[in-house]
Amino acid sequence: MSLLTGRTAVVTGGAQGIGFAIAQRFAAEGAEVIIGDLNGDAAARAADELGGLGIACDVTDASDVDTLLAVVPNVDILVNNAGITRDATLRTMTEDQFDQVIAVHLKGTWNGVRKAAALMRERKSGGAIVNISSLSGKVGMVGQTNYSAAKAGIIGLTKAAAKELAHHGVRVNAIAPGLIRTAMTEAMPEKAWDQKMAEIPMGRAGEIDEVASVALFLASDLSSYMTGTVLEVTGGRFM
Ligand code: NDP
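Within each chain, residue numbers correspond to sequence positions counted from 1 in written order. Local features in a predicted model are, by the rule used here, given only for residues with pLDDT of at least 70; side-chain atom pairs are given and counted only at 80 or more, and totals for whole chains, interfaces and linings are based on all residues. Side-chain numbers here rest on the full set of heavy atoms in the structure, without hydrogens or water.

Draft legend 1. Fine view of the environment of A70. Among the secondary structure elements, A70 is positioned in the loop between α3 (62-69) and β4 (77-80). Judged by relative accessible area, A70 falls into the exposed class, the value being 56%. Taking the C-alpha atoms as reference points, A70 and A116, separated by 46 residues in sequence, lie 9.9 Å from one another. Going along the chain from the N terminus, every DSSP run of H or I of four or more residues is numbered as a helix, and every run of E of two or more is numbered as a strand. Here's how the labels work: a residue is buried when its accessible area is under 20% of the maximum for its type, exposed when over 50%, partly exposed in between, all with a 1.4 Å probe on protein chains only.

Listed below in C-alpha cells is the structure:
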C-alpha cells in the first residue's frame, strides 16, 4: 500500500515546476490528483499525464477555488503552491506589482485554506494542507519586498489556521524552499546564481523532487503529529 492510496489531492499552480513535481509524486503514491492552474489547457495536459483532472483556476478568485475544490466530492489534501514574482526595488516597484504578488500568494493561500478546511470540517474526515512559503519570507530578499512580505504572511497564516483547525483533525504546515532549479530560477543572470550558490552550505541548488518529497511527508500520515510547522528545503542556506 502506498502512502496516499485512497486520498484525493488538489495542487494549485500544478501545471509546471514545483507544483507539478508534487502532483507527480502524490500520484505515484496512489493519490487521485487534481491540478488547478491559471492556464486551464496546461493544467489539463499536466493532469492527463498523471491520470488526474486539471482545470483553470485563478487562486485570487474565491469562486474559482470553490470550483476547483468541487471537482471531486472529497478533498483530503490541498497544496497551496501557485505563485508569481514581480521583483523590483522599493524605489521602482509599482503598487500593482505589490498588489499582484500579495494577491496570488497570500490571498490565494487564504482562499485555499479556508475553502478546503470548510469542506474537510463538514465531512469530519480530517485532512492535510501544505502551503508553499519561501526562504525569502524568513530572511527578506533585496528586490522582493512584495514577495518576502507575502511569503512571511503565509507562515503566520499557516500557524493561525493550524491552531483553528487542529481539533477538526486538519493539519496545516508550510514548506520554505530555498534556491530550487526551475525554469524561473535558471533564467537568473549567472552572477546572481553564483552569489546564491556561495550562501548554500550544501553547495548546490535543490531539485523540484526534493521539495516534492517533503510535501509528501507533510501530506501523508508520516507527519501525523505535526501541525503549524515550517520545513526548510534549502541545503542549509540561512539556517
Ligand atoms: P512556476 O512559475 O514554475 O510555477 C508556478 C505556477 O503557478 C505556474 O504554473 C503559474 O501559472 C501558476 N500561477 C500563477 N499565478 C496563479 C494564480 N493566480 N492562480 C493559479 N495558478 C497560478 O514556479 P515554481 O514552481 O518555481 O514555484 C512554485 C511555488 O514555489 C511558488 O509559490 C514559489 O513562490 C515557490 N518557491 C519557489 C522557489 C524556487 O526556487 N523556484 C523558491 C521558494 C519558493 P502561469 O505559468 O500560467 O503563470
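Draft legend 2. Spotlight on the site of the ligand. We define proximity as follows: a residue is near a molecule or strand when any one of its heavy atoms falls within 4 Å of that partner. Surveying the vicinity of the ligand reveals 27 residues, the closest of which are Q16, I18, D37, N81 and Y147. Polar contact criterion, stated in full: a pair of N or O atoms within 3.5 Å, where within protein one must be able to donate a hydrogen and the other to accept it, and residues adjacent in sequence count only if both atoms are side-chain atoms. One nitrogen or oxygen atom from the main chain of L38 is found 3.5 Å from a nitrogen atom belonging to the ligand. Compared with its free state, where it exposes 880 Å², the ligand has 87% of that area covered by protein. For the shell around the ligand, the elements supplying multiple residues, two or more each, are α1 (17-28), α4 (95-123), α6 (145-165) and α7 (183-186). Taken together, the residues of the shell around the ligand break down into 13 nonpolar, 11 polar and 3 charged. Accessibility throughout is a Shrake-Rupley quantity obtained with a 1.4 Å probe, and a residue counts as covered only by protein chains that appear here. Amino acids outside the nonpolar list (Ala, Val, Leu, Ile, Met, Phe, Trp, Tyr, Cys, Pro) and the charged list (Asp, Glu, Lys, Arg) are all regarded as polar, and Gly is one of them.

Draft legend 3. Inspection of the environment of A62 at higher detail. Mapped onto the elements, A62 comes out in helix α3. For the pair formed by A62 and K107, sequence separation is 45 residues and the distance between their alpha carbons is 9.1 Å. Not counting residues within four places of it along the chain, the set of residues in contact with A62 comprises N111, R114 and K115. Contacts are assigned to residue pairs that have any heavy atoms within 4.5 Å of one another.

Draft legend 4. A look at the layout of surface pockets. In this structure, the second largest pocket spans a volume of roughly 150 Å³. Buriedness for pockets is judged along seven lines, at least five of which must meet protein on both sides within 12 Å for an open set on the 1 Å grid over protein atoms alone, while cavities are sets there where a 1.4 Å probe fits but cannot get out, and lining residues have an atom within 4 Å of a point. The wall of the second largest pocket is formed by W110, V113, R114, A117, A118, R121, L157, A160, A161, E164 and L165. Elements represented by at least two residues in the lining of the second largest pocket include exactly α4 and α6. At 6 residues, the largest contribution of residues to the lining of the second largest pocket is made by α4. Grid points are joined across faces, edges and corners, and a volume is the space filled by probe spheres set on the points.

Draft legend 5. Structural view of the nonpolar core. We define a nonpolar core as any set of buried Ala, Val, Leu, Ile, Met, Phe, Trp, Tyr and Cys residues linked to one another through side-chain atoms lying within 4.5 Å. Within the largest apolar cluster, 29 residues are counted, with the highest numbers of intra-cluster contacts made by I22, F26, I35, I77, V79, V130 and I175. Within the residue set of this core, elements represented by two or more residues are β1 (8-12), α1, β2 (32-37), α2 (40-49), β4, β5 (127-132) and α9 (208-219). Judged by nonpolar contacts, the second largest core, of 27 residues, contains V59, V75, V104 and V172.

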